[in-house]
Amino acid sequence: MSRVAHVNGTYLPHRHARVSIDDRGYQFADAVYEVIAIRGDRLIDAERHLDRLDRSLRELRMASPMSRVALRAVMDEVIRRNMVSDGIIYLQLSRAVAPRDHPFPAKARTQLVMTARRSRPEPEAWAREGVRVITQPEIRWARCDIKSTALLPNVLAKQMARESGAFEAWFVDRDGMVTEGSSTNAWIVDESGQLITRPPSDAILNGVTRQAVVDLARGEQLRLVERPFSLDEARAAREAFLTSTTANVMPVTMIDGHKVGQGGVGEFTRKLRQRYVEANAVSA
Ligand code: PMP
């Protein structure tokens, strides 16, 4: 079966789908995006993703191309045409197609591209045994809360992780504080059993999985503190894990080659992953 993409109201075979070279997403990364998981024919946390999309658009003064109801209808159609029961849907919205000039064009018609593909959850062995992360200097801009397609530092960091045999790279700022991963949010559990993750701010993307896990942790009466933590704290932590739409709750057992805790998957991480999987009926 060939994949189908949606481009500004038209459904096309994926390999024939095109955007203009004057698209501001291509020229300036003047674009935002969302990635939503589909598990068992259901979208996971779609409303939270679409709330964040609205926020990203608002912060960049980009117009929404259609109402949320209409957007949901297009999403359903893209998923249907691609016959995706388990996978992801990708939405990208760029400011406009316009002659290359830095300021916003006078007439900006938001461009919409949507694709969907089948994918499995990350391998079970990773969740069972944990993954490694490396650290990289935080070199991103000051508005990481906006989910823009300007991902070059994230791409470079993930490439470094790949080359080091690690799953992810955590950014560490000049003060030695962990901000987040290149495409995931970062969490630790300290010696006293406190769950720590950075609060939403312009330094991180407020992950939808992060928000869901915050809710789960509160429901489980875990001691959760939303505050920045340092790389030193992460290295001394009892447990560490990361969260994202595609990784769910993923245990981290090594940071820069140093074992986290005993080097195994901790009880908090296991419990939160299990709760997350149950809550979303995603496979473990
Ligand atoms: N931080 C960054 C930089 C990301 O790109 C992502 C993935 N979208 C996340 C965190 C995790 O967000 P979510 O849980 O919404 O996938």
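Residues numbered from 1 in each chain as written. Predicted model: local features only at pLDDT ≥ 70, side-chain atom pairs only at ≥ 80, totals over all residues. Heavy atoms only, no water.

## Some thoughts on empty space enclosed by the protein
Under the counting rule described, the total for this entry stands at 2 cavities of 30 Å³ or more. Approximately 70 Å³ is the volume attributed to the largest cavity. In terms of lining, the largest cavity is formed by 11 residues, of which the most central are Ala37, Ile44, Thr209, Thr245 and Tyr276. Mapped by element, the contributors of at least two residues to the lining of the largest cavity are β3 (31-39) and α6 (208-219). Grouping the constituent residues of the lining of the largest cavity by class yields 5 nonpolar, 4 polar and 2 charged. There is about 30 Å³ of room inside the second largest cavity. Broken down by element, the lining of the second largest cavity gets its largest block of residues, 3 residues, from strand β15 (residues 248-255). A class-by-class count of the residues in the lining of the second largest cavity yields 5 nonpolar, 4 polar and 2 charged. (1 Å grid on protein atoms, 1.4 Å probe; cavity = no way out; pocket = protein on both sides within 12 Å on 5 of 7 lines; lining within 4 Å. Points joined across faces, edges and corners; volume = space filled by probe spheres on them. Helix = DSSP H or I, 4+ residues; strand = E, 2+ residues; numbered from the N terminus. Nonpolar A, V, L, I, M, F, W, Y, C, P; charged D, E, K, R; others polar.)

## With respect to the sheet that holds β3
Within a sheet, each strand pairs with its neighbour through backbone hydrogen bonds, oriented either parallel or antiparallel. The 6 strands are arranged β2-β1-β6-β5-β3-β4 in an open sheet whose pairing can be described as antiparallel. A strand with exactly one partner marks an edge of an open sheet, and here the two such strands are β2 (10-13) and β4 (42-43). By the bridge criterion, 8 bridges tie β3 to strand β5 (residues 87-94) in an arrangement that is antiparallel. Bridge pairing in β5 places valine 35 opposite tyrosine 90. Contacting β1 (4-7), β2, β3, β4, β5 and β6 (111-118), helix α3 (residues 68-82) runs over the sheet at an angle of about 40° to β6. (Pairing = 2+ DSSP bridges. Contact = heavy atoms within 4.5 Å. Axes fitted to C-alpha atoms, helices over the stretch in contact; angles between N-to-C directions.)

## Quick word on the pairing of β2
In terms of strand pairing, β1 meets β2 through 4 bridges, oriented antiparallel. Its bridge partner being in β2, histidine 6 is matched across the sheet by tyrosine 11. Adjacent in sequence and paired antiparallel, β1 and β2 are bridged by 2 residues, among which asparagine 8 carries a positive phi angle near 45°.

## Let's talk about a nonpolar patch on the surface
Residues Ile139, Leu152, Val155 and Leu156 make up a contiguous nonpolar surface patch of about 400 Å² in total accessible area. With respect to the secondary-structure elements, isoleucine 139 resides in the loop between β7 (131-137) and α5 (152-163). A relative accessible area of 54% means that isoleucine 139 is categorised as exposed. (Patch = residues over 30% accessible without salt bridge, like charges linked within 9 Å, V, L, I, M, F, W, Y side chains within 5 Å. Areas by Shrake-Rupley, 256 points an atom, 1.4 Å probe, with all protein chains shown as cover. Salt bridge = Lys/Arg side-chain N within 4 Å of Asp/Glu carboxyl O. Buried < 20%, exposed > 50% of the residue type's maximum accessible area, 1.4 Å probe, protein only.)

## Here we look at the site of the ligand
Close to the ligand lie 19 residues; Lys147, Glu180, Val208, Thr209 and Thr245 are nearest. Within the side chain of arginine 52, an N or O atom sits 2.9 Å from an oxygen atom of the ligand. One nitrogen or oxygen atom from the side chain of glutamate 180 is found 2.6 Å from a nitrogen atom belonging to the ligand. When the ligand is considered free in solution it has 390 Å² of accessible area, and contact with the protein chains removes 93% of it. Looking at the shell around the ligand, the elements that each hand over two or more residues are α2 (46-59), β9 (177-181), α6 and β14 (239-244). (Near = heavy atom within 4 Å. Polar contact = N/O pair within 3.5 Å; in protein donor to acceptor, adjacent residues only side chain to side chain.)

## Some details on the nonpolar core
Core analysis: the biggest nonpolar cluster contains 23 residues, and Met75, Ile89, Leu91 and Met114 have the highest contact counts within it. Of all elements in the fold, only β3, α2, α3, β5 and β6 reach the threshold of two or more residues within this core. Counting residues per element, this core draws most heavily on α3, at 5 residues. Not counting the four nearest positions on each side in its chain, isoleucine 89 is found in contact with Glu34, Val35, Ile36, Ile38, Leu43, Met75, Val78, Ile79, Met114, Thr115 and Ala116. (Core = buried A, V, L, I, M, F, W, Y, C linked by side-chain atoms within 4.5 Å.)

## Examining the packing of aromatic side chains
With the rule as written, the count across this model stands at 4 aromatic pairs. A centroid spacing of 5.3 Å and a plane angle of 75° characterise the contact between tryptophan 126 and phenylalanine 167, whose relative ring orientation is edge-to-face. With tryptophan 126 in helix α4 (residues 124-129) and phenylalanine 167 in the loop between α5 and β8 (168-172), this pair connects stretches of sequence that are 41 residues apart. Overall, the relative accessible area of 34% leaves tryptophan 126 in the partly exposed class. With relative accessibility at 18%, the residue phenylalanine 167 sits in the buried group. Positioned above the aromatic ring of phenylalanine 167 is the side chain of lysine 158, whose terminal nitrogen or guanidinium carbon lies 5.9 Å from the ring centre. (Phe/Tyr/Trp six-rings, centres within 6.5 Å; stacked < 30°, edge-to-face > 60°. Lys NZ or Arg CZ within 6 Å of the ring centre and 35° of its normal.)

## A few points about the pattern of salt bridges
A full pass over the atoms with the stated rule returns 25 salt bridges. Among the ionic pairs, glutamate 59 bridges to arginine 143, the shortest N-O distance being 2.8 Å. In this pair, glutamate 59 sits in helix α2 while arginine 143 sits in the loop between β7 and α5, placing the two residues 84 residues apart along the sequence. Three or more residues joined by partner-sharing salt bridges are found here, namely Glu47, Asp51, Asp54, Arg68 and Arg72.

That is the geometry; function is a separate question.
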